[in-house]
Amino acid sequence: MSDTVVSIENLGKCYRLQHQGTGLNAAAYSRINEELARMVLNPLRKIVGKEPMGSHTTTEEFWALKNVSLEIKRGERLGLIGRNGAGKSTFLKLLSRIITPTTGRFSMEGKIASLLEVGTGFHPELTGRENIFLNGSVFGLKRYQIQEKYDEIVEFSGVERFLDTPVKRYSSGMQVRLAFSVAAHLDPEIMIIDEVLAVGDARFQKKCIGKMNEVANTANRTIIFVTHSMGFVEALCNRAILLEGGEMTADSEDVQMVVHNYLESTIDQTLVKAEWRNPGGQVENEFFDLLYMGMEGAATRFANNRPIRVQFEIDLKKTDPRLMLGIAIFNDENSLIAVSFCTDVDPELPSRMQPGLQTVVCEIPPHLLNERTHRLEFAARVHQGPNITEIGTCPASIKFEVAGGLSDSPYWTERRAGFCAPHLKWGVQ
Amino acid sequence: MKLLHRFKQSDSVVVEANTIGSIDWAEVWKFRELFLSLAWRDLLVRYKQTFIGVVWAVLDPLLSMIVLVLIFGVIAKMKDSTPVVVFAGMLPWQMFGLSLNSASNSLMNNASILSKIYFPRIILPTSSVAVNLVDLVINYVILAILMLIYGYQFTWKFLLVVPISMMGIAIALGISFFVSCLYVKYRDFKILLPFVLKIGLLVTPVGYQLANKEEIIQILLSLNPLTGVVECCRWAVLPNYDFFLPSLYVTFACILLLWYTGERYFRRSEQWLNDVI
């Protein structure tokens, strides 16, 4: 038997969007009388030589998924990431055979269990117990096979007390717990899970991730997983796919890299640039006006072995020895790496500043920041007094990238994990 | 070749765009457990949160029969509209009506599992009529009791009542292959369906019998495929009933036609169901 369990060629799904007229003619569903009238009258109109009657609705094509080709191997835990409307759910629905593709084909080997939404396949009027059996039979299991797994399912779900309550009275969290429990215990060869675990609490989510890891590792099952939680993807998946606008833009076993690229793309490029100019009225305080903040030469890319200089133009209203100007350095996941103030080493610096326009310079030494995109945020406070800006919310913020120049040693050429990439001193004694 | 491959590996699946396969009956058989579960579920759900529960299953046909006897026998003064005659006609009609209703609504009623889980869709309308077999049994018993009360003789033909009623279910199912899909797209059927059943009750000889009527009326009413079923059931219950045989030919022809075209329509509709629901 081959190692490929799912093979997808050129898969695409097109929806026809109907734009309906407003007012009285707007209807939520197609109305048969309108279509019948067109069917009967249009041939007549043709004979008389009149224009055919148009529909009240106009249609537009929308490709929810386009040209996706990939092969998924046995035991792979595939994470699908992407923004809302990127086609993740459409992809899972196609694989679950809920909807049919417009283009392309795919083939799958093995039993499939899919968990697409909250309460998947439950009947609201039936009790939890009855639904376990109904759900099991949907997966194609016999009654006695479900009976064998029954205790495990109930124990994992943690809803023992409510087994004789109709599912319609369950909370959404309880429904998901039961549904996941059933799906995970029915021994599917391929498990398809949409963003359902988000409903459960943190403890149950952890339990699910553990269960999925167990299923994937010990039984060599394949998992296809959609989530907006990058933590889940990194914890569970050994392959990640990025969907953007219905198209696959990344597919790699380097999950962290795909996640990084995705997070990168979610940063709004128009808001953060290499330079920031005060549009007026921002960072207002009694000590100074911040006019400009920018990288030296408005550069956006720096090597790790070069110093990185930032300039601030301020209009100082009065000299105050307590004034602390500074920066906060964030990485692309918006984790704070460091905060630095101009008084950190030289406590006399504020006293030397004269009222009026001046440029303050800050230098980030070489061999400090790791290879990734960083964000610098302006920070200011009064010594033993109030903060002028709140770290993480100051609008004065610029972006730059550190790439290359990690070391001259041939042993260190690739980006490593971690916030920093410092040169530490090594020796032999 | 492709078919062979499918049977070798029962769990492997190939999906291709723009191909409409025939309904895979081997696959339907694989899902028989689901068929039974759904039927069992319908039965469980049916009288949940009702006050007198299963009593409805007895009351409904009895009250309908009494109303029809009052209208046709007492008010319209048709001598042959006696309780047994009316009930014998009503039994297969009831099977048809109930089945048409449940099968046509089956896709909409199960939208929650339809839009989340894959299984052969044909299971929904077919399993939804299974519940009505319970009504069939109840009605059958009531009919037997009525026959005892009014002193009718039981013959071997009485056994045929069940298969004859099944023909009513078969017609309903054939229609529902179209209507269940159309209902997903056009909610008009919500209004249309009860209307058709109301009219149908009058143009089918349920409250009156066809025997001993003028030939032109017999021929006209026989164009309705339900007439054959209803009259055939009377023939099985009443002694020496003058059964107008051609009406049964219409019934058979209709069942074949509906099932053949209905199956084709249904599997074509499977392609778009979840885009619309």
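Residues numbered from 1 in each chain as written. Chains lettered and ligands numbered in written order. Predicted model: local features only at pLDDT ≥ 70, side-chain atom pairs only at ≥ 80, totals over all residues. Heavy atoms only, no water.

Description of the state of the cysteines
All chains considered together, the criterion is met by zero disulfides over all chains. As a non-bridged cysteine, Cys362 of chain A has Cys342 of chain A as the owner of its nearest cysteine sulfur, 9.3 Å distant. Residue Cys362 of chain A is classed as buried on the basis of its relative accessible area, which comes to 18%. Of the cysteine sulfurs around Cys232 of chain B, a residue in no disulfide, the closest is that of Cys233 of chain B, at 7.6 Å. A relative accessible area of 8% places Cys232 of chain B in the buried class. (Disulfide = S-S within 2.5 Å. Buried < 20%, exposed > 50% of the residue type's maximum accessible area, 1.4 Å probe, protein only.)

Regarding unusual backbone geometry
All names here are of chain A. In the Ramachandran plot, Val283 falls in the positive-phi region, its phi being about 50° despite a non-glycine side chain. Relative to the elements of secondary structure, Val283 occurs in the loop between β10 (275-277) and β11 (288-295). Judged by relative accessible area, which is 12%, Val283 ranks as buried. A positive phi angle, close to 55°, is found at Gln384, a residue other than glycine. On the secondary structure map, Gln384 appears in the loop between β17 (373-382) and β18 (397-402). (Helix = DSSP H or I, 4+ residues; strand = E, 2+ residues; numbered from the N terminus.)

Side note on the packing of aromatic side chains
Residues and elements named next belong to chain A. This model, assessed by the stated rule, comprises 15 aromatic pairs over all chains. An aromatic cluster of at least three residues, connected via ring pairs, comprises Phe156, Phe180 and Phe204. Lying over the aromatic face of Tyr15, Lys13 brings its terminal NZ or CZ to 5.2 Å of the ring centre. Over the face of the ring belonging to Phe204 we find Arg177, whose NZ or CZ atom lies 5.8 Å from the ring centre. (Phe/Tyr/Trp six-rings, centres within 6.5 Å; stacked < 30°, edge-to-face > 60°. Lys NZ or Arg CZ within 6 Å of the ring centre and 35° of its normal.)

Focus on the interface of chain B and chain A
Taken residue by residue, the interface counts 37 residues in chain B and 46 residues in chain A. Together chain B and chain A conceal approximately 3700 Å² of surface at their shared face, both sides included; 56% is due to carbon and sulfur atoms. A per-residue breakdown of the area chain B buries against chain A is headed by Val13, Val15 and Lys116 of chain B, which together make up 17% of the total. Counting every contact that joins chain B to chain A gives one salt bridge. Taken together, the connections running from chain B to chain A amount to six residue pairs in polar contact (both at pLDDT 80 or more). (Contact = heavy atoms within 4.5 Å. Buried area = accessible area lost by both parts, 1.4 Å probe. Salt bridge = Lys/Arg side-chain N within 4 Å of Asp/Glu carboxyl O. Polar contact = N/O pair within 3.5 Å; in protein donor to acceptor, adjacent residues only side chain to side chain.)

Some remarks on helix α7 (residues 123-130) of chain B
Extensive coverage of α7 of chain B is indicated by the burial of seven of its eight residues. All of the buried residues along α7 of chain B are Ile123, Leu124, Pro125, Thr126, Ser127, Ser128 and Val129 of chain B.

Digging into the packing of helix α12 (residues 225-237) of chain B against helix α13 (residues 246-269) of chain B
Residue and element names in this part refer to chain B. Remark: α12 packs on α13, axes separated minimally by 7 Å, with the N-to-C direction vectors making an angle of 125°. By the angle between their axes, α12 is oblique relative to α13. Considering only the axes of α12 and α13, their crossing is left-handed. Residues Pro225, Thr227, Gly228, Val229 and Cys232 of α12 pack against Ser247, Leu248, Val250, Thr251 and Cys254 of α13. In terms of residue class, the contact of α12 with α13 is made up of six nonpolar, four polar and no charged. (Axes fitted to C-alpha atoms, helices over the stretch in contact; angles between N-to-C directions. Parallel < 35°, antiparallel > 145°, perpendicular 65-115°, else oblique. Left-handed = near helix turned anticlockwise from the far one by under 90°. Nonpolar A, V, L, I, M, F, W, Y, C, P; charged D, E, K, R; others polar.)

Looking at a nonpolar patch on the surface
Residues and elements named next belong to chain B. On the surface, Leu63, Ile66, Val67, Leu70, Ile71, Val74 and Ile75 cluster together to form a nonpolar patch covering roughly 630 Å² of accessible area. If you trace the backbone, Val67 turns up in helix α4 (residues 55-75). With relative accessibility at 43%, the residue Val67 sits in the partly exposed group. (Patch = residues over 30% accessible without salt bridge, like charges linked within 9 Å, V, L, I, M, F, W, Y side chains within 5 Å. Areas by Shrake-Rupley, 256 points an atom, 1.4 Å probe, with all protein chains shown as cover.)

Let's talk about helix α2 (residues 88-95) of chain A
All names here are of chain A. In terms of burial, α2 is largely enclosed, as six of its eight residues are buried. Within the sequence span of α2, burial applies to Lys88, Thr90, Phe91, Leu92, Leu94 and Leu95. The first or second residue beyond α2 is Arg97, which carries a positive phi of 65°.

Some details on the nonpolar core
Leu143, Val161 and Val237 of chain B are the most contacted members of the largest nonpolar core, which has 81 residues in total. Not counting residues within four places of it along the chain, the set of residues in contact with Leu143 of chain B comprises Val84, Phe87, Ala88, Leu91, Phe158, Val161 and Val237 of chain B. Counting 49 residues, the second-largest nonpolar core is a separate cluster that includes Ile193, Met212, Phe225 and Ala250 of chain A. (Core = buried A, V, L, I, M, F, W, Y, C linked by side-chain atoms within 4.5 Å.)

Concerning the environment of Asp188 of chain B
Residue and element names in this part refer to chain B. Relative to the helices and strands, Asp188 is located in the loop between α9 (161-185) and α10 (189-203). Take Asp188: its relative accessible area is 24%, and that puts it in the partly exposed class. Taking the C-alpha atoms as reference, Asp188 lies 36 Å from Phe244; in sequence the two are 56 residues apart.

A word on the side chain of Thr4 of chain A
With respect to the secondary-structure elements, Thr4 of chain A resides in strand β1 (residues 4-19). We classify Thr4 of chain A as buried; its relative accessible area is 18%.

A look at the pairing of β11 of chain A
All names here are of chain A. The buried count for β11 comes to six of eight residues, which makes it a mostly enclosed element. As paired elements, β10 and β11 share three bridges and run antiparallel to each other. By the bridge assignment, Glu275 is partnered in β11 with Gly294. Of the pairings in the sheet, the one linking β11 to strand β13 (residues 308-316) comprises seven bridges and is antiparallel in character. The residue bridging Met293 from the neighbouring strand is Phe312, located in β13. (Pairing = 2+ DSSP bridges.)

Observations concerning the sheet that holds strand β15 (residues 336-341) of chain A
Residue and element names in this part refer to chain A. Here we have five strands laid out as an open sheet, ordered β12-β18-β17-β14-β15, and mixed in their pairing. Only two strands of the sheet have a single neighbouring strand rather than two, namely β12 (301-302) and β15. Note: β17 against β18, five bridges, orientation antiparallel. Paired with Thr373 across the bridge in β18 is Glu401.

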